[in-house]
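# Results of the structural survey
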Amino acid sequence: MVGSPKTSVSRLDFGNFIQRLRKRANKNTTAAGLHLGEVSRFVIGRLEDGTPTKLTTPQIESLLWFYDATDREREEALALWADIKRQEKIARAEGGAKGFWTEYTDQVAPNFSKFLRLEELARQMVAYHPVIVPGLLQGPDYRREIVRIEHPGLSAVNVERRLELTALRQNRLDEKDFRVRVLMAAAAFRNLVGGTAVMSAQLRWLTDLSERENVSIRVIDFGIASHRGLTILPFTRLEFAPGVSGLTKAPVVYVEGAFSIGYHEREDVVTKYDEAIAALEAVALTEECTRDLMVQTAKEYAA
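Cut-offs used in this document
Here the residue index of a chain counts from 1 through its sequence in written order. In view of the model being predicted, local features appear only for residues whose pLDDT reaches at least 70, and side-chain atom pairs are presented and counted only at 80 or more, with totals across whole chains, interfaces and linings using the full set of residues. Heavy atoms throughout the structure, all of them, feed into the side-chain values; hydrogens and water do not. Helical segments are the DSSP runs of H or I of at least four residues, strand segments are the runs of E of at least two, and each set is numbered from the N terminus. The size measure is the radius of gyration over C-alpha atoms, and the globule rule it meets is 2.2 Å times the number of residues to the 0.38 power. Any two residues having at least one pair of non-hydrogen atoms within 4.5 Å are treated as being in contact. For the purpose of counting charges, residues Lys and Arg are taken to be positive, whereas Asp and Glu are taken to be negative. His and the chain ends are not included. Where a charge sits is defined by one atom per residue type, namely NZ (Lys), CZ (Arg), CG (Asp) or CD (Glu). Each residue gets one of three labels from its accessible area relative to the maximum for its type: buried under 20%, exposed over 50%, partly exposed in between, using a 1.4 Å probe on protein chains only. Note on pairing: two strands pair once DSSP finds at least 2 bridges between them. The aromatic pairing rule takes the rings of Phe, Tyr and Trp, using the six-membered ring of Trp, and pairs them if the centres are within 6.5 Å, calling planes under 30 degrees apart stacked, those over 60 edge-to-face and the rest tilted. Either the NZ atom of lysine or the CZ atom of arginine qualifies as a charge over a ring when it sits within 6 Å of the ring centre and within 35 degrees of the ring normal.

For the rest of this paragraph, the subject is the overall build of the chain. Per the secondary structure count, the chain includes 12 helices and 6 strands. In terms of overall size, the chain behaves like a compact globule, its C-alpha atoms giving a radius of gyration of 21 Å where 303 residues would be expected to give roughly 19 Å. A sequence separation of at least 24 residues applies to 74% of the contacts in the chain between residues at least 6 apart. Each charge class in the chain can be summarised by its mean position, and for the 41 positive and 41 negative side chains these summaries are 3 Å apart.

With that settled, consider unusual backbone geometry. One non-glycine residue, Asn26, lies in the positive phi region at around 60°. By the element assignment, Asn26 lies in the loop between helix H1 (5-24) and helix H2 (29-35).

Of all the 6 residues making up strand S1 (residues 124-129), 5 are buried; the element is thus mostly covered by neighbouring parts of the structure. Of the strand pairs in this sheet, S1 and strand S2 (residues 179-185) are connected by 6 bridges, and their pairing is parallel. Its bridge partner lying in S2, Gln124 is registered against Arg179. Inspection of the sheet shows S1 paired to strand S4 (residues 235-239) by 5 bridges, in the antiparallel sense. Bridge assignment links Gln124 to a residue of S4, and that residue is Glu239.

Scanning all chains against the criterion turns up 8 aromatic pairs. By the ring-pair criterion, three or more aromatic residues cluster together here, those being Phe112, Phe115, Tyr254 and Tyr263. Here the guanidinium or amino end of Lys27 rests over the ring plane of Phe66, the centre of that ring lying 4.5 Å away. Residue placement shows Arg172 over the ring face of Phe178; its charged tip is 4.0 Å from the ring centre.

Purely spatial values, then, with no claim about function.
Encoded structure:
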């Protein structure tokens, strides 16, 4: 995988560990920041989210004291922190301390970098889109047209940079232990993005992807009455592997709006999306029938 996944996973694991200590101590991120000397609550949030910060080891030790960590918890937390620092030192020496997406931050929305980092770390992803093919499965010609629709005045250079970013994200599809389940409404096959040639190529590419053991693609065909997908925005649910601490970061649901995006981690909200996924899968075609539909539709576009 591109980037430095072990470093990122350690940070995610540490952030999850220290967040649980904070919540157990009934402290909020504002109080934690003030305890460290007017550190912003957003810095504490980034620490818990696995994002690199400039917090020092003494500050981490102070937080552990503030959270009433036991001697064993303090020892484990500091061991994780030391491992993070060790791995990042190695990564810097190898030129891979930053995620691959950092070179493209000027090409994405300000808070989309968080999604790219979480996507790189996830072990399983479930995506639903009612209108177009989800970004991770967009072929280059299809992606180019989507970018042009969203940003008609974007320069050719920046269009290609966005295609490069998508291609880098798609490296994860080559990892057999990264599982992707995609649900789409049939409209995604019929909305004419870039013309018939582009759609035919996109559907053929989807068909090839659907043959992989770690990729599941299912469509909700026209004619299904009053299904859940008619009233829900596009979303992606990301699930993570247990960390070395034995803890697992809670699943995150990323929701796409027309002009904004959001992240949900609360258990009750994630549960609602799990119920939506189950409802969508209950009415979706099987993988085999979806594959047949993609082949048939691609042929129609090519005719």
